Amino acid sequence: MTDIVDKQTRSRMMAGIRGKDTKPELALRRALHARGFRYRLHSKGIPGRPDLVFPIFRAAVFVHGCFWHRHAGCRYTTTPATRPEFWQSKFETNVTRDGIVYAALLEAGWRVATVWECALRKPDQVAAAAELLAVWLHSGDALLEIGELDVPGSSRTR
């Protein structure tokens, strides 16, 4: 199947996809800051350069896009029909890298949370996800994953 846009347009579209300061990330940062949490952004000295780092809690938070990081069971985890082998390879590399980064962080004594993009689509979902994250930060648990089904106000039910 051929692409519906020319190469230059596709290149411009792909270049516009951000790696940091995405809308979901900014929404979560605002909600956490309003709750009094202070954090560092994309710290270079920490494996994987997490989106948010809470040194006082020894916690790293990643805000992952469901498409790029393959959120299991999510409706936003689709595979393009054009060049599926390329995309499958790319997705597998991303997931493998995520696993290596999480293992390195846990081994170094960090706690790791993943907040999926689907959990941050509506303001009430952002508030609920921030609350879940706030509880986790104070809990001492090693891992947390927040998806659309984990926050109240999502349009889908379990």
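Calculation notes
Residues numbered from 1 in each chain as written. Predicted model: local features only at pLDDT ≥ 70, side-chain atom pairs only at ≥ 80, totals over all residues. Heavy atoms only, no water. Pairing = 2+ DSSP bridges. Helix = DSSP H or I, 4+ residues; strand = E, 2+ residues; numbered from the N terminus. Right-handed = clockwise from strand over helix to strand, strands pointing away. Expected span 1.5 Å × (residues − 1). Buried < 20%, exposed > 50% of the residue type's maximum accessible area, 1.4 Å probe, protein only. Contact = heavy atoms within 4.5 Å. pLDDT = per-residue confidence, 0-100. Lys, Arg positive; Asp, Glu negative; His and termini not counted. Salt bridge = Lys/Arg side-chain N within 4 Å of Asp/Glu carboxyl O. Polar contact = N/O pair within 3.5 Å; in protein donor to acceptor, adjacent residues only side chain to side chain. Phe/Tyr/Trp six-rings, centres within 6.5 Å; stacked < 30°, edge-to-face > 60°.

A word on the pairing of strand β5 (residues 143–146). Working note: regular strand, side chains alternate between the two faces of the sheet. Alignment of strand β4 (residues 111–116) against β5, held across four bridges, turns out to be parallel. Looking at the pairing, A113 lines up with L144 of β5. The handedness of the β4 to β5 crossover, carried by helix α5 (residues 123–139), is left-handed.

Here helix α4 (residues 84–107) is 24 residues long and its end C-alpha atoms lie 34 Å apart, about the 34 Å a rise of 1.5 Å per residue gives. Every buried residue of α4 is listed here: W87, F91, N94, D98, V101, Y102 and L105. Positive phi shows up at G109, right after α4, with a value of about 90 degrees.

We now examine helix α2 (residues 23–34). In this model α2 runs 17 Å from its N-terminal to its C-terminal C-alpha over twelve residues, within 8% of the 16 Å that 1.5 Å per residue would give. Taken together, the buried positions of α2 are P24, E25, A27, L28, R29, A31 and L32. Those residues of α2 that are buried are in contact with β1 (40–41), β2 (52–54), β3 (59–64), β4 and α5. G36 occupies a position one or two residues after α2 and carries a positive phi of about 95 degrees.

It should be kept in mind that the predicted coordinates are not to be read in detail where pLDDT is low. On average, residues of the chain carry a pLDDT of 90, and 91% of them reach 70 or more. When pLDDT is averaged over each helix and strand of the chain, the minimum, 74, is found for helix α1 (residues 7–15) and the maximum, 98, for β4.

Relative to the helices and strands, R70 is located in the loop between α3 (66–69) and α4. Despite its burial, R70 pairs with no opposite charge; the closest candidate is E92, at 9.0 Å N-O. In terms of polar contacts, R70 uses its side chain to reach the backbone carbonyl oxygen of F67, at 2.9 Å. Ignoring anything within four residues of it in the chain, the contact list for R70 reads G65, T77, T78, T79, F91, V95 and W116.

Evaluation of the coordinates by the stated rule reveals ten aromatic pairs. Their ring planes at 55 degrees and their centres at 6.0 Å tell us that F37 and F57 sit as a pair that is tilted. With F37 in the loop between α2 and β1 and F57 in the loop between β2 and β3, this pair connects stretches of sequence that are 20 residues apart. Judged by its relative accessible area of 9%, F37 is buried. For F57, a relative accessible area of 21% gives the class partly exposed. Aromatic side chains F86 and W87 sit 5.2 Å apart centroid to centroid with 75 degrees between the ring planes, which places their arrangement in the edge-to-face category. Among the aromatic residues, those joined into a cluster by ring pairs are F67, W68, F86, W87 and F91.

Time to look at the side chain of H64. Note that H64 resides in strand β3. What makes H64 buried here is its relative accessible area of 5%. Here H64 is in contact with H69, D98, Y102, T114, V115, W116 and E117, once residues within four sequence places are set aside.

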